Amino acid sequence: LSSAWIIAAALAAPLAGALAVLVLRRNPNVREGASLTAAGVTFVFCAVLVPEVMAGGRPELELLQLFPGLAIGFRVEPLGLGFALVASFLWFVTVTYAIGYMRAHHEKNQTRFYMFFALAIAATVGAAFAENLLTLYVFYEGLTLATYPLVTHGGKDKDRAGGRTYLSILLGTSLTFLLLALAWTYAVTGTLSFVDGGVFVRGEGLVAGMSPPLLALLYALFLFGTGKAALIPFHRWLPAAMVAPTPVSALLHAVAVVKLGVFTVLKVTVYTFGAGALVQFDATQWLEYVAAATLLIAAVIALREDNLKRRLAYSTISQLAYIVLAATLANRFSLLAGGMHIVAHAFAKITLFFCAGAILVSLNKTKVSELRGVGRQMPVTMTAWLVASAGVIGLPLTGGFWSKWYLARGTLEAGEPLMLAVILVGSLLAVGYLVPPAVRAFYAAPEIAAEPLRGKRYEAPWPSLAALSLTATLSVLLFFAAEPVFAFLEGFAS
Amino acid sequence: VIAAHLPALQVLTPLIAAPLCILLRNGRLAGLLTVAAAWSAFAIAVTLLLQVLESGPVTYMFGGWQAPWGIEYRIDVLNAFVLVIVGTIAAAVVPFAMKSAADEIIPQRHALFWALVNLLIAGLFGIVVTGDLFNVFVFLEISSLASYALVSLGRSPRALTAAFRYLVLGTLGATFFLIGVGLLYAATGTLNMSDIAVRVQDQLGSRTVLVAFAFLTVGLSLKAALFPLHAWLPGAYAEAPSAVTALLAATATKVAIYMLLRVIFLFGPAFTYIDLPLGEVLVALALAGMLAGSAAALFQTDVKRLLAYSSIAHVGYMLLGVGLGNLAGLTGGIAHLFNHALAKGALFVAVGCVVLRTGSSHIERFAGLGRQMPWTMAAFVIAGLSLIGLPLTAGFASKWYLVVGALEHGWWWVAVLMVASAAVAVLYVWRVLEVAYFRTPLPGAMPVSEAPFEMLVPLWALAGASVYFGIDTSFNIGVAERAASAVLGLAP
């Protein structure tokens, strides 16, 4: 089997999954089986590509020529493959979780739910493998459209309002800034391909029609145009998207959609601009401050947010800003950190969302202030919460430690001690917004003392519990398995 | 024998069908005859395009009279492409009209309606095929008179005032055009466009030619609904029977823009873009139209009227390409004639389906249709995405070329304003979709069923084409690029 066919199969598997979900809608168990199978198959096909990419190979597949000289095509490189692996693996886990959640929560229209879920993953994998900006753009927009029905799943007025914010910011930024950035890149360089070292450098200087200030402006267009990276002031779609059912928030708004945003930023940084060129022409300076500001402001908002899912959303905005900051620092350590954080944050944050969903399903609680005593009622869930919190904060013995560590090295490498301070303060704030809910859950007495506690457990249905235990465990295992991940990402960062 | 006469048959097929419709008197038979005429005309248009693409421009001397004395039909890539646009839309909308118009127009007028549809199509084909300026005027009048009458067939009494307004402004446009043709004839002594193009070159400084140019461009801009000469359009589109709106919106303004492009290049690009600031003027007005049209669309409560304002914005896209005057811009503008025809045709057809079932195109009547008319609304979604210009739809292809064209021209602010106005399209398209998919039907509203199959087929043909030509752009972008390089003189 040639690697081009494997790429095609990895893209087709989620699409086939979507179709299978639709066809098998009569029997929910078989239908969810189809989702699980598609997720497993997608993951396996992605995994098959690992050895070749690890060895420096870049398998390619050209689908079609959209315009003369501009193709929809795929070229698998380490960062994208890592992203696709994480997304497809967590799709499998999330479907498992969703089987428990969606049924316990009596959600309607589950076929539509699982179908658009599969379509969203298809878009994610397509974007992850993109050979050029146009392909990335096509799947980026596809992901927005595929997730819209998931965000508005409830169909109530609040869902519609959330969906409106979601769509207007994500489409608004990408149809204006990002499209302009693409057209500008194309008009100046005549190509949209991702190339090692970037496309703007010719010899010692820049291509004709580009100057250092314009380069900085173009980079800003890319960063703000990628609304999915949720830089302030284009971050409001993410809290708005929290009206969605929890599995959607977990996989799509902690992993697929937001990570596609920062993935785009990293990819553009390395393969369109070239990290070296960005540093040489000093094109990222003020954007570092935008990222740092987003990092801190979102963390402070998270501190004050009482709704559990919204708190997690602001936490995500803050953590995404770490990755954007890593991109703007543009050196080997920071880029490794950015890649690693995509993985580490994915496992930790999806666990936190799973926990929030479990609490909602079992106890019908959505607020931090309602968590008193939940630790005794749902010990497994809240333990997982604590573990995952450590992962987001970046404590040792979790994968998150490595990304923060490398990012710290990256700031020193770039000679930006101020950014080091920002990173540390951001982590402290993360302690502040993630640990108190757990403390309250474990140490405060339950709200209704009369309720019998002994012998009665309120844990979520077992598939959900298994899912959140697994991701929490993986978040820890990543600490010990960081070596191969970094070795894999090395092909991207240097 | 037939192959040699295709250019004439292109016009004659619908032109002969028109009186036959009256003679048939029976609405249904007349409709079937019109379907046959439209499909034959579509086939002829495709054949002509293939012929032109393969072996260069086709000329045809009407009645065998040689050029300066007789009327010459001259078909190159550009007008063959526009013939296919008109043909495609006619082939799709006419079958749709069988059901839609039968419902919206009183039965005694059905045969008359079909005759008018044939005249409209014949007139539009005529404008496009002919190489003689006065002949253009004649066909312009045929198509215009037919369309005034068609608009007036709308159900509401407001249709009459809308038609009257359209008539006054349309006649003004046509008169301007005629004055321009007269002046040009006085200056060059010919009406044949290829001859004019040669002879006008050593008179470009003369006042007569300058005035002729002004009358021609303003007249055609009125016909094309270029902002701020668009006042006739919203009323005419909103009040006409749905099938008429679909037909007019997807063809009439396109043909006027085609003619404007012809006239501009008759005088040569140097005269238009360098001696005169027409490029800048067109770009400025196009942008104003895009922004104003999109903004006005946001506040409409009638979906037909909403789409009509969107049309004003999209006329802006096409004329923006003409105003840019470089290869990428013109390619985008010409391709958008086709891409927008597909999307807007599909949208108006979808609204026609809704009118058939609910009796109204008011936005409130769309409530709950996402479930009650799933196929109609799904097609509306797809065509709406093309209108917005999301990737992998035809609308994206033309928008991409226009943005690149603006940037290559160095007019970055044009690109910025253009993408901004395109983003507004998200808002007005989504307003309709939100009502259709989230709002529960009004209390007391009767539940409706899906549109009949024979209406869904043309609807999905147009919506499907909007996606197909967004993925395989070798036809629309490919041919538009050839047409653009031909008028720019970059290629034979």
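All values reported here derive from a predicted model rather than from experimental measurement.

Novice: Please give an account of the overall build of chain A that cites residues and values.
Specialist: Across its full length, chain A carries 20 helices and 4 strands. The C-alpha atoms of chain A give a radius of gyration of 22 Å, which matches the 23 Å a tight globule of 494 residues would have. Viewed in the frame of its principal axes, chain A has a C-alpha envelope of about 75 × 55 × 45 Å. Going through the 494 residues of chain A one by one, you find that 64% of them count as buried.

Novice: I'd like a rundown of a nonpolar patch on the surface, residues and numbers included.
Specialist: All names here are of chain A. On the surface, Leu 19, Leu 22, Val 23, Leu 24 and Val 30 cluster together to form a nonpolar patch covering roughly 410 Å² of accessible area. It is helix 1 (residues 3-23) that contributes the most residues to the nonpolar patch, 3 residues altogether. Within the secondary structure layout, Leu 24 lies in the loop between helix 1 and helix 2 (28-48).

Novice: Summarise the pattern of salt bridges; cite the residues concerned and give the values.
Specialist: Evaluated as defined, the whole model comprises 14 salt bridges over all chains. Its salt-bridge partner being A:Lys267, residue A:Glu77 comes within 3.1 Å of it at the nearest N-O pair. Placement of the pair is A:Glu77 in the loop between strand 2 (70-75) and helix 4 (78-104) and A:Lys267 in helix 10 (residues 246-273), with a sequence separation of 190 residues. Comparing A:Glu77 with A:Lys267, the two get one shared label, buried. Ionic pairing is found between B:Glu239 and B:Arg158, a salt bridge with its closest N-O pair at 3.2 Å. Of the two residues, B:Glu239 sits in helix 9 (residues 233-239) while B:Arg158 sits in helix 6 (residues 158-188), which places them 81 residues apart along the sequence. Of the residues examined, B:Glu239 reaches a relative accessible area of 10% and is grouped as buried.

Novice: Run through the interface of chain B and chain A, naming residues and quoting values.
Specialist: Often, the extent of an interface is quoted as the loss of accessible area upon association of its parts. With 31 residues of chain B at the interface, the matching set in chain A holds 30 residues. A combined buried area of about 2600 Å² lies between chain B and chain A, and 79% of that area is made up of carbon and sulfur atoms. Taken together, the connections running from chain B to chain A amount to 1 salt bridge. In this structure, the salt-bridge partner of A:Arg164 is B:Glu434, at a minimum N-O distance of 2.5 Å. Our count for the chain B to chain A interface comes out at 3 residue pairs in polar contact (both at pLDDT 80 or more). A breakdown of the residues in the side of chain B that touches chain A according to their chemical character gives 22 nonpolar, 3 polar and 6 charged.

Novice: Please set out the packing of aromatic side chains residue by residue, giving values where relevant.
Specialist: In this structure the tally under the stated criterion is 54 aromatic pairs over all chains. Ring plane angle 85° and centroid distance 5.2 Å describe the contact between A:Phe113 and A:Tyr114, whose orientation is recorded as edge-to-face. In this structure, A:Phe113 and A:Tyr114 share a single accessibility class: buried. Ring geometry for B:Tyr468 and B:Phe469: centres 5.0 Å apart, planes at 85°, overall edge-to-face. Overall, B:Tyr468 belongs to the partly exposed group, its relative accessible area being 47%. Looking at B:Phe469, the relative accessible area reads 16%, which means it is buried. Taken together through their ring pairs, the aromatic side chains of A:Phe67, A:Tyr137, A:Tyr186, B:Phe396, B:Trp400 and B:Tyr401 make up a single cluster. Its guanidinium or amino end placed over the ring of A:Phe333, A:Arg332 lies 5.2 Å from that ring's centre, counting from NZ or CZ. Geometry around A:Tyr406 places A:Arg409 over its ring, the cationic atom sitting 5.9 Å from the centre.

Novice: Quick one: what's the story with the nonpolar core, residue by residue and with numbers?
Specialist: The biggest cluster of nonpolar side chains holds 396 residues, and the ones touching the most others in it are A:Phe129, B:Phe113, B:Phe267 and B:Trp400. Sorting elements by how many residues they give to this core places helix 14 (residues 332-363) of chain A first, with 22 residues. Residues in contact with B:Phe267, not counting those within four places in the same chain, are B:Leu184, B:Val200, B:Gln201, B:Leu204, B:Val209, B:Phe213 and B:Leu216.

Thresholds applied
- Residues numbered from 1 in each chain as written.
- Chains lettered and ligands numbered in written order.
- Predicted model: local features only at pLDDT ≥ 70, side-chain atom pairs only at ≥ 80, totals over all residues.
- Heavy atoms only, no water.
- Helix = DSSP H or I, 4+ residues; strand = E, 2+ residues; numbered from the N terminus.
- Rg over C-alpha atoms; globule rule 2.2 N^0.38 Å.
- Buried < 20%, exposed > 50% of the residue type's maximum accessible area, 1.4 Å probe, protein only.
- Patch = residues over 30% accessible without salt bridge, like charges linked within 9 Å, V, L, I, M, F, W, Y side chains within 5 Å.
- Areas by Shrake-Rupley, 256 points an atom, 1.4 Å probe, with all protein chains shown as cover.
- Salt bridge = Lys/Arg side-chain N within 4 Å of Asp/Glu carboxyl O.
- Contact = heavy atoms within 4.5 Å.
- Buried area = accessible area lost by both parts, 1.4 Å probe.
- Polar contact = N/O pair within 3.5 Å; in protein donor to acceptor, adjacent residues only side chain to side chain.
- Nonpolar A, V, L, I, M, F, W, Y, C, P; charged D, E, K, R; others polar.
- Phe/Tyr/Trp six-rings, centres within 6.5 Å; stacked < 30°, edge-to-face > 60°.
- Lys NZ or Arg CZ within 6 Å of the ring centre and 35° of its normal.
- Core = buried A, V, L, I, M, F, W, Y, C linked by side-chain atoms within 4.5 Å.

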